[in-house]
Amino acid sequence: MLQIRDLIWGLLFIGCAAAIQVEITPTQGEISVGDSKFFLCEVVGDAKDIDWYAPSGEKILPNRPDIFVSRSDETTSTLTIYHANVDSAGIYKCVAKNGDKEAQATVQVKIFQKITFESAPSPQEFNEGDDADIVCDVVSSPPPTIIWKHKGSRIQVAKDVRYKIMDNGHLQIRGIKKTDEGMYNCEARVMARGEIDFRMIKVVVNVLPTIRARQSDVNATADIGSSALLACDADGFPEPTVTWAHNNVVLETGDKYSLNEDGSELVIKDVKKVDEGDYTCIAKNKAGEKAEEVSLNVFVQPKITYLNNQTASEFEEQVTLTCEASGDPTPTISWSFENRVFSEGEQSLDRNIVVRSHARVSSLTLKNVQFTYAGQYLCTASNSIGQDDQNMYLEVRYAPKLQGNVAWYTWEGNPTNISCKVEAHPRATVVWYRDGLPVPSANFTNLKIYTTPTISYLEVTPSSQDDFGSYNCSATNAMGTEYKEFLLIEADVPTTPELYQVEPFSSTAVIQFGEPEATGGVPIIKYRVQWRLPGQDWTEKEYSAEDDLNQITILGLNPETTYEVRISAINGKGESESSPAKHFKTEPVQGEPSAPKIEVKVHNRGNSLKVNWIKQDDGGSPIKHYLVRYKAKYVSDWKPEMRLPNDSEHVVLNGLDWNTEYEVHVVAENQQGRSEPGIRSIRTASEPTTIPDAMGGGSGLGTGAIVGILIVVFFLLLVGVDVTCYFLNKCGLLMCIAVNFCGKAGPGAKSKDMEEGKAAFTKDESKEPIVEVRTEEEHTPNQGGGPTEPNETTPLTEPDGKTVKDDKTKGEAEVKNATAEVKTVPNEAPQTNGNESKA
């Protein structure tokens, strides 16, 4: 075995010695760009050197980084190409040498590029409307064929001009739309190698935001703690973010501003005038941004900032009142005084009142100042969102001005009050004079003076003819002195009233008459009507003299009977002569009574009506009863009819609707039937409004406090009653204490000074007169009412000039049906032979 091997090696050695052979494995090579590959060079024969040569012919040295040569043993050498690129292609040569013997072999290395996607990002985003360039960069050798697909189908650029495959393989979509969004397939093919590869690219189409303001102009009112809402709505893809800016400053949620979750609503808190202006709503996404302006208009309610009281003197050339106000829009300023309203321009024919306005200032100029200009002036500033009112007071200083009736009437023994009304500022001092001497004095003991802030009363009780005549009132203040003369004239009885006609019915008669031509200087108190059968005694009745009284109804007459009637007038001094008697004859019995004469007035609370009626002719048969019914005019149904006694004179309808017109019917019924209704319509008062508490917080008193107040009031009431009993009736707890512990007797009865016709002072020493009240039965002169000013028939008046009277009220019974109150009076028996005069 050993011999055979030796033989073979011997033969090979002999052959090699003869020649050197070189072989490269593999004999050819293809390398993809970026790949690595080695080649083995084997030498047959004895070779001292084995070298590799690059395609450029240069010997490849061992230290090259991209191509590495290594010799494994004496017969082999390896060529390694790392990370091949296109420059690595070519023919490589392996050369073996041994002395002068040399052999070589070559290998052709081809470099090719396989399909490589250098850039095919996903997703790729574009703005709607742009020309989209969808990137898909592919390299290979040979260059690949690019095919684009969308929604599973190949894009046919020939059929849709919007699509174009660029030279670089990119896909262009002109004016890309939101509907073009989706997945696109970029496919690369190398037909020579049958190589194929693809990339899926997501295309996103962004839509530029659209924005719209809900209101382009927002109005708000400043300084009332209110908020303003500014809002805009934005659309787009991706969903835009919304921000707000004002004066180039981005607004954020805080004490002043509040934004909702998506930023579409901006709330401006506690709006002030400085918040006015334009606010920008900005919507932004990847496609861009859009902005919309919203204007905030801030209005300010009017506020009067300057208004002061003024003082002037009468007859000054002029005084100017100034009122300043702020507000937006600029407020209009007007003035008012009592019931007059002053606006821009001349205000009176004499040009004494002028209003001038400029910007936010208004002046009211009063020329030739009069004392009547004094008082409270109201300045009103108003604009479209509100108004402000403030008062100022103009004080006018002026000399006294005296007013009052010049002539006063009375008679001997009858006290009267001469009234001197004084208007003055500052307040004046009043002095009365008689025959040049101030009164009262020792010479004038029948004169007394009572003074109020505005009126001075001189009470005169004439005792002789000398007390009639002239009296002077003098008023003085820092501005001057004024005098006024008053005449005290002796009064007389009235002249005879004229009896015009008598209208008879079956049981009644209506007489019509005229007032006396002369009242005697004092008012008519009442009229006395007398009637009788011819030749018999007179029957009479007195009637209070009311305003415009010109007819009187006589009741209780017999049908078909002849009567005669006369009338006289009574004042404080006495009674006039009776008028000449007139004869009349009553009518036969007619059956049904005449319709009552009715009068309706709004009663106490305003939603009640008091219905009064006067009996007319009873038709010859006594009235059995009265029938009353009523209803609101706007409804058709009547309230239940009320039946009232024959002596009833009125009924009160309670619980009615406020501010509603009612129709009232009153019918009289006798044995023969019913009269026609007396009809009246009247509207109830408007419902009163409750005045809210000044602080709006409701009542400030708790239940315990109210109970405590009631207990205190009740205790004080008991003390007052006990004190009254002590002084008047010598009884009560104080009386017991005084008698048992102090040994004192109680006070006596009232002083005799309060007798009829005599005046006294009130116990509080206010120097105001008090008056003893007289009843009608006493036939006191002037009892029937008089003017508001004191007159010569008034024993003594209160300072306000009103006659003090006793209110006579008749008994009243309530009819519960429909909550009605009925007044009944007893039948009045006629008075006979009452032809007496009480002065």
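Please read these numbers as outputs of a predicted model, since none were measured by experiment.

1. Digging into the overall build of the protein chain
Then, in step 1: When its secondary structure is counted, the protein chain shows 3 helices and 63 strands.
Then, in step 2: Across the 839 residues in the protein chain, those meeting the buried criterion constitute 39%.
Then, in step 3: Put simply, 62% of the contacts in the protein chain that link residues at least 6 apart link residues at least 24 apart.
Then, in step 4: As displayed, the protein chain has an accessible area near 47000 Å², and 50% of this comes from carbon and sulfur atoms.

2. Regarding the pairing of strand β28 (residues 318–328)
Sheet faces and side chains relate simply in a regular strand, where the side chains alternate between the two faces.
Then, in step 1: What you see with β28 is a clean split: Val319, Leu321, Cys323, Ala325 and Gly327 sit on the buried side and Gln318, Thr320, Thr322, Glu324, Ser326 and Asp328 on the side with no burial.
Then, in step 2: Bridge count between strand β26 (residues 288–307) and β28: 5 bridges; the pairing is antiparallel. For valine 300, the partnering residue across the bridge sits in β28 and is aspartate 328.

3. Concerning the sheet that holds strand β15 (residues 163–165)
Then, in step 1: Strand order in the open sheet made by the 3 strands is β11-β16-β15, with antiparallel pairing throughout. If you trace the sheet from one side to the other, it starts and ends with β11 (132–134) and β15, each paired once. Here the average twist between neighbouring strands, direction ignored, is 20°.
Then, in step 2: Two elements, β15 and strand β16 (residues 171–173), share 3 bridges in a ladder whose sense is antiparallel. Bridging across to β16, tyrosine 163 finds its partner in isoleucine 173.

4. Description of the environment of isoleucine 455
Then, in step 1: Position of isoleucine 455 among the secondary structure elements: in strand β41 (residues 455–460).
Then, in step 2: Separated by 36 residues in the primary sequence, isoleucine 455 and serine 419 place their C-alpha atoms 6.6 Å from one another.

5. Details of the sheet that holds strand β4 (residues 49–53)
Then, in step 1: Strand order across the open sheet formed by 4 strands is β2-β8-β7-β4, with mixed pairing between neighbours. Since the sheet does not close on itself, it has two edges, and those belong to β2 (28–32) and β4, each with one partner. Averaged over neighbouring strand pairs, the angle between their axes works out to 20° when direction is ignored.
Then, in step 2: With 5 bridges connecting them, β2 and strand β8 (residues 101–112) associate as parallel partners. In the strand pairing of β8, serine 32 is matched with phenylalanine 112.

6. Quick look at the packing of aromatic side chains
Given two aromatic rings, one states the distance between the centres and the angle between the planes to describe the pair.
Then, in step 1: If you walk through the whole model with that rule in mind, you get 7 aromatic pairs.
Then, in step 2: Both rings, one in phenylalanine 513 and one in tyrosine 527, keep their centres 4.8 Å apart while their planes meet at 55°; by these two values the pair is tilted. Here the residue phenylalanine 513 occupies a position in strand β45 (residues 509–514), and tyrosine 527 occupies one in strand β46 (residues 524–532), the gap between them amounting to 14 residues. As far as burial versus exposure is concerned, phenylalanine 513 and tyrosine 527 are alike and both buried.
Then, in step 3: Note on tyrosine 630 and tyrosine 662: the rings are 6.2 Å apart at their centroids and 55° apart in plane angle, and the pair reads as tilted. Taken as a pair, tyrosine 630 in strand β53 (residues 625–632) and tyrosine 662 in strand β56 (residues 661–670) lie far apart in primary sequence, 32 residues in all.
Then, in step 4: Its relative accessible area of 3% is what places tyrosine 630 among the buried residues.
Then, in step 5: The exposure class of tyrosine 662 is buried, given its relative accessible area of 3%.
Then, in step 6: Lying across the ring of tyrosine 53, lysine 93 places its NZ or CZ 5.5 Å from the centre.

7. Notes on the pattern of salt bridges
Then, in step 1: Inspection of the entire model under this criterion finds 28 salt bridges.
Then, in step 2: A salt bridge links arginine 214 to aspartate 233; the nearest nitrogen and oxygen atoms lie 3.1 Å apart. Of this pair, arginine 214 sits in the loop between β18 (195–213) and β19 (217–222) while aspartate 233 sits in strand β20 (residues 228–237), placing them 19 residues apart in sequence.
Then, in step 3: We classify arginine 214 as partly exposed; its relative accessible area is 45%.
Then, in step 4: Residues joined in a network through salt bridges with shared partners are Lys526, Arg528, Glu540, Glu542 and Glu575.

8. Considerations on the pairing of β26
Then, in step 1: Sheet topology places β19 next to β26; 6 bridges connect them, and they run parallel. Note on β26: the bridge partner recorded for valine 218 is leucine 296.
Then, in step 2: Hairpin geometry of strand β25 (residues 277–285) and β26 is characterised by an intervening segment of 2 residues between the two adjacent antiparallel strands.

9. Topic: the environment of asparagine 446
Then, in step 1: Secondary-structure assignment places asparagine 446 in the loop between β39 (437–439) and β40 (447–451).
Then, in step 2: Under the relative-accessibility criterion, asparagine 446 is labelled buried at 18%.
Then, in step 3: Linking asparagine 446 and proline 415, residues 31 residues apart in sequence, is a C-alpha distance of 9.0 Å.
Then, in step 4: Residues in contact with asparagine 446, not counting those within four places in the same chain, are Glu459, Val460, Thr461, Pro462, Ser463 and Asp467.
Then, in step 5: A polar atom in the side chain of asparagine 446 sits 2.9 Å from the backbone oxygen of threonine 461.
Then, in step 6: Separated by 2.9 Å, the side chains of asparagine 446 and aspartate 467 make a polar contact.

10. Structural notes on the state of the cysteines
Between two cysteines, a covalent bond joining their sulfur atoms is known as a disulfide.
Then, in step 1: This structure, assessed with the given rule, holds 5 disulfides.
Then, in step 2: A sulfur-sulfur separation of 1.9 Å characterises the disulfide bridge that pairs cysteine 41 with cysteine 94. Taking the sign of the torsion about the S-S bond as the criterion, the disulfide between cysteine 41 and cysteine 94, at about -90°, is left-handed. Note that cysteine 41 is positioned in strand β3 (residues 37–44) and cysteine 94 in strand β7 (residues 90–98), a separation of 53 residues in sequence.
Then, in step 3: A sulfur-sulfur separation of 1.8 Å characterises the disulfide bridge that pairs cysteine 136 with cysteine 186. Measuring handedness by torsion sign, the sulfur bridge of cysteine 136 and cysteine 186 sits at about -90° and is left-handed. Within this pair, whereas cysteine 136 is found in the loop between β11 and β12 (137–139), its partner cysteine 186 is found in strand β17 (residues 182–190), the two being separated by 50 residues in sequence.

Cut-offs used in this document
- Residues numbered from 1 in each chain as written.
- Predicted model: local features only at pLDDT ≥ 70, side-chain atom pairs only at ≥ 80, totals over all residues.
- Heavy atoms only, no water.
- Helix = DSSP H or I, 4+ residues; strand = E, 2+ residues; numbered from the N terminus.
- Buried < 20%, exposed > 50% of the residue type's maximum accessible area, 1.4 Å probe, protein only.
- Contact = heavy atoms within 4.5 Å.
- Areas by Shrake-Rupley, 256 points an atom, 1.4 Å probe, with all protein chains shown as cover.
- Pairing = 2+ DSSP bridges.
- Axes fitted to C-alpha atoms, helices over the stretch in contact; angles between N-to-C directions.
- Phe/Tyr/Trp six-rings, centres within 6.5 Å; stacked < 30°, edge-to-face > 60°.
- Lys NZ or Arg CZ within 6 Å of the ring centre and 35° of its normal.
- Salt bridge = Lys/Arg side-chain N within 4 Å of Asp/Glu carboxyl O.
- Polar contact = N/O pair within 3.5 Å; in protein donor to acceptor, adjacent residues only side chain to side chain.
- Disulfide = S-S within 2.5 Å.

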